[in-house]
Amino acid sequence: MNALMLAMLAAGYGLTAASAPDAAPTATENAMSTQDRHTARVAGADAALEASFEYAEGAPLKVTYRLRNEGKAPLMAFDRGNRHAVLTKKLTQGDVAAPTFSQEDADLTLSHRALPLSKPHPIVPPTPLASRVEPGATLEDAFEFAMDTDVPVDRVRWCLGVVPFADDFKALKPEPNKPEVWLGSLSHAESQQLLCTPWFDLATSSFES
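Source: prediction; values computed, not measured.

J.: Can you walk me through the pattern of salt bridges in this structure?
T.: Here the idea is simple: oppositely charged side chains can pair when their charged atoms come close. According to the stated counting rule, one finds eight salt bridges in the structure shown. One salt bridge in this structure joins Arg-66 and Glu-140, with 2.8 Å as the shortest N-O distance. Remark: Glu-140 occurs in strand β9 (residues 138-145) and Arg-66 occurs in strand β4 (residues 61-69); sequence separation between them is 74 residues. Look at Arg-66 and you get partly exposed, because its relative accessible area is 37%. Here Lys-178 and Asp-95 are joined by a salt bridge, their closest N and O atoms 2.5 Å apart. Highlighted residues: Lys-178 in the loop between β11 (170-171) and β12 (182-183) and Asp-95 in the loop between α2 (83-87) and β6 (100-104), separated in sequence by 83 residues. Assessed through its relative accessible area of 30%, Lys-178 is described here as partly exposed.

J.: I'm lost on the packing of aromatic side chains in this one. Help?
T.: One pair of aromatic rings is described through two measures. These are the centre distance and the angle between the planes. Summed over all chains, the structure comprises ten aromatic pairs. Centre to centre, the rings of Tyr-65 and Phe-143 are 6.3 Å apart; their planes meet at 55°, and the pair counts as tilted. Within this pair, whereas Tyr-65 is found in strand β4, its partner Phe-143 is found in strand β9, the two being separated by 78 residues in sequence. There is no split in this pair, since Tyr-65 and Phe-143 are both buried.

J.: Is there a simple way to explain the nonpolar core in this structure?
T.: Soluble globular proteins: nonpolar side chains tend toward being buried together. Of all hydrophobic cores here, the largest spans 31 residues; its most connected members are Phe-53, Leu-61, Leu-67, Leu-110 and Trp-158. Looking at this core, the elements that each hand over two or more residues are β2 (39-44), β3 (47-54), β4, β5 (75-77), β7 (107-112), β9 and β10 (155-164). Leave out the neighbours within four places in its chain, and Phe-53 touches His-38, Leu-61, Lys-62, Val-63, Val-156, Arg-157, Trp-158, Thr-197, Phe-200 and Phe-207.

Quick notes on the rules
Residues numbered from 1 in each chain as written. Predicted model: local features only at pLDDT ≥ 70, side-chain atom pairs only at ≥ 80, totals over all residues. Heavy atoms only, no water. Salt bridge = Lys/Arg side-chain N within 4 Å of Asp/Glu carboxyl O. Helix = DSSP H or I, 4+ residues; strand = E, 2+ residues; numbered from the N terminus. Buried < 20%, exposed > 50% of the residue type's maximum accessible area, 1.4 Å probe, protein only. Phe/Tyr/Trp six-rings, centres within 6.5 Å; stacked < 30°, edge-to-face > 60°. Core = buried A, V, L, I, M, F, W, Y, C linked by side-chain atoms within 4.5 Å. Contact = heavy atoms within 4.5 Å.

Shown next, in the form of structure tokens:
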């Protein structure tokens with residue numbers, strides 16, 4: 001594993017590096033069902049994710065996504081960062097957070113997911129913040145990522161962590177003109193389902209089949 005994982009700093013302090021998704025216990029990558037050059041569709045348990053990547057050399061990677069809840073219970077998506085980042089003014093509550101990232105050789109994985117508690121434990125843990133998607137509803141949003149890593153990147157993918165709604169989620173007072181955000185718990189790092197796109201080749205600006 002390449003040492004670019006500035007990793008567990010992010011878990012405690014709201015930065016943008018984190019351990020790779022395969023380090024998250026019980027998280028599962030889901031197979032892509034259909035795709036075109038710039039868009040991938042990922043089918044999960046009671047969830048369908050569509051992500052479109054746009055990239056030009058020297059510019060940030062632009063990701064737009066649509067998450068549809070295909071189940072009968074509300075679905076929580078961990079795309080709003082963590083409480084520590086909000087309290088330290090590194091993130092405005094309600095905004096899509098910068099993704100965490102990890103790199104192995106020339107492969108870069110971006111993630112929006114609940115993070116496990118790092119060791120040593122930070123004073124303020126990275127308690128995850130989530131969007132709530134009602135049954136049959138769709139969450140739509142976007143983010144950008146500057147591809148200025150220390151090691152050149154050939155391929156990139158993105159993973160989104162989701163879990164069914166549970167009683168341990170707490171609705172936070174919304175910020176003006178911002179969407180509702182829910183406070184989760186650190187235990188969701190183990191129970192979340194990861195919806196991961198296939199690899200996106202930067203040279204051809206297309207998803208791999």
